[in-house]
Amino acid sequence: MTSADTRTRCDGADCRKKTAGPAELAAPRLRLCPGCLHLFTGRLRQLPGLYAELEEVLSAGPRTEGRERTTGGPVPSGLPFNAAAADVRAEILATLGSWGGLVVTQRGVPAPERTVRALAGLLMRHAGWLAAHPAAADATREVARLERAAHRVARRETLRRVSVGDCVAPGCTGRLVTVVRGGGGADSGADSGAGIQCDADPSHAWPGRLWTELRRALRGGQAGGQEGGEEGGQEAGTPPQERWLTAGDVARLWSTPTGTVYRLASEQRWRRQTRAGRTYYAESDVHECFVRRGGAGT
């Protein structure tokens, strides 16, 4: 009897749903074929990034027209809440935690932190053991389902109308707004139409990457002509109030993939704050970084 004769059909979710063609054989002593094992570990590797993307859409709410909020600064109460994103995030953490518990209990390894990244890393390190486990079929099916659900919610297009401030054109009384489409994914880049336009005169328009220059123009005008307000009323010589942007805001305004934003934030040591589990970056650090990149032609 050959070794192939003792091998069984692959239990992987992707092989099981095939409706035509011969079934793949599981690798020796495993219940998954090499292809399904590769897909399983690849999906585990993607889940932390998808989990982070879902964080970006948590406050975007369902797809809507005309929703307006102010980017940066404290997160206002009453922002729309994306229940689908919250549900998928909770399911990712719970499911990975369940499979991680199985590995810890049956393999006697130390329990990781209860974070998606740590749990996914544990499961990837023990993927071969899981591939030989009687529950391999369930593991591959649940992880595949999580990946599909996360992609469906994280990449769903959302439309936000973000208020920037008063128009900086001389004599104009309009407001500057930008309409951004989210859900492009971690590496798909920003929406190409994320420009800034005056709601009173469409000819007053700027590309999204000039957002911080406009903010500085706004601050200058308000400091010189107002004694109060959110950003006015600052005494001469005092530093302007810092504004804070999410990675999604940076990606959309500078037409840069979110993955690149995270890399630059780490490499350039942008100042950051964490509020309610979300990370915000200092606008001035972001601005200076992209000005340098633009000057270098990168």
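Scoring rules and cut-offs
- Residues numbered from 1 in each chain as written.
- Predicted model: local features only at pLDDT ≥ 70, side-chain atom pairs only at ≥ 80, totals over all residues.
- Heavy atoms only, no water.
- Helix = DSSP H or I, 4+ residues; strand = E, 2+ residues; numbered from the N terminus.
- Contact = heavy atoms within 4.5 Å.
- Areas by Shrake-Rupley, 256 points an atom, 1.4 Å probe, with all protein chains shown as cover.
- pLDDT = per-residue confidence, 0-100.
- Polar contact = N/O pair within 3.5 Å; in protein donor to acceptor, adjacent residues only side chain to side chain.
- Salt bridge = Lys/Arg side-chain N within 4 Å of Asp/Glu carboxyl O.
- Buried < 20%, exposed > 50% of the residue type's maximum accessible area, 1.4 Å probe, protein only.
- Pairing = 2+ DSSP bridges.
- Core = buried A, V, L, I, M, F, W, Y, C linked by side-chain atoms within 4.5 Å.
- Axes fitted to C-alpha atoms, helices over the stretch in contact; angles between N-to-C directions.
- Left-handed = near helix turned anticlockwise from the far one by under 90°.
- Expected span 1.5 Å × (residues − 1).

Chemist: Where do I start with the overall build of the protein in this structure?
Modeler: From N to C terminus, the protein includes ten helices and eight strands. For the protein, long-range pairs separated by at least 24 residues make up 58% of all intrachain contacts whose partners lie at least 6 apart in sequence. For the protein, the exposed area adds up to about 15,100 Å²; of that, 51% sits on carbon and sulfur atoms.

Chemist: Can you walk me through the confidence of the model for the protein in this structure?
Modeler: Regions with low pLDDT carry predicted coordinates that are not meant to be interpreted in detail. Per-chain confidence: the protein averages 74 in pLDDT, with 65% of residues scoring 70 or above. Summarising per-element confidence for the protein, the mean pLDDT is lowest in strand β1 (residues 68-70) (41) and highest in helix α4 (residues 116-125) (96). Taken as a whole, residues 61-80 scores under 50 in pLDDT and shows 41 contacts with residues more than four places along the chain or in a different chain. Across residues 182-193, where pLDDT falls below 50, the model places 31 contacts with residues more than four positions away in sequence or in other chains.

Chemist: Explain the side chain of H133 to me, please; I cannot follow it from the model alone.
Modeler: Within the secondary structure, H133 is located in the loop between α5 (127-131) and α6 (136-154). Side-chain polar atoms of H133 contact the backbone nitrogen of A135, separated by 3.0 Å. Beyond its immediate sequence surroundings of up to four residues, H133 is in contact with R31, L102 and Q106.

Chemist: What's the story with the pattern of salt bridges in this structure? I'm lost.
Modeler: When the charged atoms of two side chains with opposite charge come close together, those side chains can pair. A full pass over the atoms with the stated rule returns seven salt bridges. One salt bridge connects R43 with D14, and the closest N-O pair in it is separated by 2.7 Å. Taken together, the residues R43 in helix α2 (residues 34-57) and D14 in helix α1 (residues 13-16) connect sequence positions 29 residues apart. The residues R43 and D14 share a single accessibility class, namely buried. Beyond isolated ion pairs, a larger network of salt bridges with shared partners links D14, R43 and E147.

Chemist: Please explain the sheet that holds strand β6 (residues 244-245) as it appears in this structure.
Modeler: Strands pair in a sheet through their backbones, by hydrogen bonds, and they do so in one of two ways: parallel or antiparallel. Pairing is antiparallel in the open sheet, where three strands are placed in the order β6-β8-β7. Since the sheet does not close on itself, it has two edges, and those belong to β6 and β7 (272-275), each with one partner. Pairing of β6 with strand β8 (residues 278-282), which is carried by two bridges, proceeds in the antiparallel orientation. Bridging across to β8, W244 finds its partner in A282.

Chemist: When you look at the environment of V116 in this model, what are you seeing that I'm missing?
Modeler: Inspection of the secondary structure assignment puts V116 in helix α4. V116 sits in the buried class, given a relative accessible area of 4%. Expressed as a C-alpha distance, the spacing of V116 and G49, which sit 67 residues apart in the sequence, is 9.3 Å. When near neighbours in sequence (up to four residues on either side) are disregarded, V116 contacts L47, P48, Y51, I92, L93 and L96.

Chemist: How should I be thinking about the pairing of β7 in this particular structure?
Modeler: Side-chain positions along a regular strand alternate between the two faces of the sheet. When β7 meets β8, the two strands line up antiparallel, connected through four bridges. Residue pairing across strands places R275 opposite R278, the latter belonging to β8. Here β7 folds back onto β8, and the loop between the two strands holds two residues, one of which, A276, carries a positive phi near 50°.

Chemist: In this structure, what is going on with the nonpolar core? I would like to understand it.
Modeler: One recurring pattern in soluble globular proteins is that nonpolar side chains are buried together. In terms of nonpolar packing, the biggest core is built from 32 residues, with L47, L54, I92 and L96 touching the most fellow members. Take this core: its biggest share by element is eight residues, from helix α3 (residues 83-107). Residues contacting I92, with those up to four places away along its chain left out, are L47, Y51, L54, V116, L146 and A150. With 14 residues, the next largest nonpolar core counts A251, W254, A265 and C289 among its residues.

Chemist: Any chance you could explain the packing of α2 against α6 here in plain terms?
Modeler: Relative to each other, α2 and α6 sit at 30°, their axes nearing to 9 Å. Of the two elements, α2 crosses α6, and the hand of that crossing is left-handed. Seen from α2, the contacting residues are F40, R43, L44, Q46, L47, L50, E53, L54 and V57; seen from α6, they are A139, T140, V143, A144, L146, E147, A150, H151, V153 and A154.

Chemist: When you look at α3 in this model, what are you seeing that I'm missing?
Modeler: Along an α-helix, residues three or four positions apart point the same way, because every turn accommodates 3.6 residues. With 25 residues, α3 extends 36 Å from end C-alpha to end C-alpha; this agrees with the ideal 36 Å at 1.5 Å per step. Packed against the buried residues of α3 are α2, α4, α5 and α6. Where α3 terminates, the next one or two residues include G108, which has phi positive at roughly 70°.

Chemist: How should I be thinking about the environment of L176 in this particular structure?
Modeler: Within the secondary structure layout, L176 lies in strand β3 (residues 175-182). The sequence separation of L176 and D166 amounts to ten residues, and the corresponding C-alpha distance is 5.7 Å.

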